[in-house]
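Below are the chains, spelled out letter by letter.
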Amino acid sequence: HSLYSFDRFLDCAEKLDIHSLELWGAGPHFYFEDYDDSRAKEFYKKIKDRGMQVICMTPEQCIYPINIACDDPVMRRRSIDYFRRGVEMCEIMDCNMLLVTPGRGYFDLPAKPAWDRCVEALREIGAYAAKSGVKIAFEHLTEGSTTIAVYAADSARLVKEVGLENVCAMVDTDMAGRAQQGVQDYLQALEGNLLHVDLVDGLP
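This is a predicted model, so every value here is computed, not measured.

Peer 1: What am I meant to see in the packing of helix α3 (residues 73-92) against helix α4 (residues 112-130) here?
Peer 2: Axes are the key here: two packed helices are described by the angle between their axes and the distance separating the axes. At a closest axis distance of 9 Å, the pairing of α3 and α4 adopts a crossing angle of 30 degrees. If you check the angle between α3 and α4, you find them roughly parallel. Note on packing geometry: the crossing formed by α3 with α4 is right-handed. Here α3 contributes Arg76, Arg77, Ile80, Phe83, Arg84, Val87 and Glu88 to the contact with α4, which in turn contributes Arg117, Glu120, Ala121, Glu124, Ile125, Tyr128 and Ala129.

In structure tokens:
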């Protein structure tokens, strides 16, 4: 939680016998644009010294101005580079999974161009990640926050169009609940190829 120190979190995780972490890449603890490689290694040492491992890196991408489907080329380029840096953080932290969401287009414009920009961006990020053995866990958003992917079927169609083995869909039970869906919908849409699951990451 952002109101407590990261050391306090690690103390609690240790007491609860938690060894696998999904690391939220955001302030005040680890907004990784504030971290060079050396500082990131120091941060990771705290985790490693506790005998814990980072199994998924989740950069903040809903609150900060990150949008891989944006029609503005400068913002979109920065967003793609942000996730490329996320791949590098995965390398530093011996983590083989990076969570990425679709971004969004304008709600008053056709959705297809934004979809295409998202696919192209995921191909670039995925290809960059593949060099390091990192998988991309694609998570859709909600109908109130994106024009691109909202349901399990959208995720399945998107990752299929991207066409890279290391770009796979996941389920966030919060996002699923908001779409009136459950894990079974994702298992069916993805034919069992479900890379990652986020639990209780929200209100429903």
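The structure having been displayed, the exposition proceeds.
Peer 1: Where do I start with the packing of aromatic side chains in this structure?
Peer 2: How two aromatic rings sit relative to each other is set out by the distance from centre to centre and by the angle between their planes. A complete count under the given rule lists nine aromatic pairs for this structure. An angle of 40 degrees between the planes, with centres 5.5 Å apart, marks the rings of phenylalanine 6 and phenylalanine 9 as tilted. On the criterion of helical spacing, the pair formed by phenylalanine 6 and phenylalanine 9 is a turn pair, its members being three residues apart in helix α1 (residues 6-15). Aromatic pair tyrosine 82 and phenylalanine 83: ring centres 5.4 Å apart, planes at 75 degrees, arrangement edge-to-face. Across the pair, exposure class does not vary: tyrosine 82 and phenylalanine 83 are buried alike. In this structure an aromatic cluster arises from ring pairing among Phe6, Phe9, Phe30, Tyr31, Phe32, Tyr35, Phe43, Tyr82 and Phe83. Positioned above the aromatic ring of tyrosine 35, the side-chain terminus of arginine 39 is 4.0 Å from the ring centre. Positioned over the ring face of tryptophan 115 is arginine 157, at 4.0 Å from the centre of the ring.

Peer 1: I keep staring at the environment of cysteine 168 and nothing clicks. Help me out?
Peer 2: By secondary structure assignment, the location of cysteine 168 is in strand β5 (residues 167-169). Measuring from C-alpha to C-alpha, the distance between cysteine 168 and alanine 114 comes to 19 Å, with 54 residues separating the pair along the chain. With near-sequence residues (within four places) excluded, cysteine 168 lies in contact with Ile136, Ala137, Phe138, Val159, Asn193 and Leu195.

Peer 1: I tried to follow helix α2 (residues 37-48) on my own but got confused; where do I start?
Peer 2: Residues separated by three or four positions in an α-helix point in the same direction, a consequence of the helix having 3.6 residues per turn. If you check α2, its first and last C-alpha atoms are 16 Å apart, about what 12 residues at 1.5 Å a residue would give, namely 16 Å. Where α2 is buried, its residues contact α1, β1 (20-25), β2 (53-59) and α3.

Peer 1: What should I look at first to understand the nonpolar core in this one?
Peer 2: One recurring pattern in soluble globular proteins: nonpolar side chains tend to sit buried together. Judged by nonpolar contacts, the single largest core of 56 residues is most densely connected at Phe30, Ile47, Met57, Ile68, Met93, Leu98 and Leu122. Looking at which element gives the most residues to this core, the answer is α4, with nine residues.

Peer 1: Where do I start with the side chain of histidine 140 in this structure?
Peer 2: Mapped onto the fold, histidine 140 is located in the loop between β4 (135-138) and α5 (152-162). A distance of 3.1 Å separates a polar side-chain atom of histidine 140 from the backbone oxygen of valine 150. A polar side-chain atom of histidine 140 sits 2.5 Å from a polar atom in the side chain of tyrosine 186. With residues up to four places along the chain from it excluded, the contact list for histidine 140 reads Pro102, Ala149, Val150, Tyr151, Ala152, Ser155, Met175, Ala176 and Tyr186.

Peer 1: Would you mind showing me how to read the pattern of salt bridges here?
Peer 2: Side-chain pairs of opposite charge can arise whenever the charged atoms involved come near each other. According to the stated counting rule, one finds 12 salt bridges in the structure shown. With its nearest N and O atoms 3.7 Å apart, the salt bridge here joins arginine 76 to glutamate 120. A residue pair is termed long-range when its members are at least 10 positions apart, and arginine 76 in helix α3 and glutamate 120 in helix α4 qualify at 44 residues. A salt bridge links arginine 85 to glutamate 88; the shortest N-O distance between them is 2.8 Å.

Here is what the cut-offs are and how they apply
Residues numbered from 1 in each chain as written. Predicted model: local features only at pLDDT ≥ 70, side-chain atom pairs only at ≥ 80, totals over all residues. Heavy atoms only, no water. Axes fitted to C-alpha atoms, helices over the stretch in contact; angles between N-to-C directions. Helix = DSSP H or I, 4+ residues; strand = E, 2+ residues; numbered from the N terminus. Parallel < 35°, antiparallel > 145°, perpendicular 65-115°, else oblique. Left-handed = near helix turned anticlockwise from the far one by under 90°. Contact = heavy atoms within 4.5 Å. Phe/Tyr/Trp six-rings, centres within 6.5 Å; stacked < 30°, edge-to-face > 60°. Buried < 20%, exposed > 50% of the residue type's maximum accessible area, 1.4 Å probe, protein only. Lys NZ or Arg CZ within 6 Å of the ring centre and 35° of its normal. Expected span 1.5 Å × (residues − 1). Core = buried A, V, L, I, M, F, W, Y, C linked by side-chain atoms within 4.5 Å. Polar contact = N/O pair within 3.5 Å; in protein donor to acceptor, adjacent residues only side chain to side chain. Salt bridge = Lys/Arg side-chain N within 4 Å of Asp/Glu carboxyl O.

In short, geometric facts, not functional conclusions.
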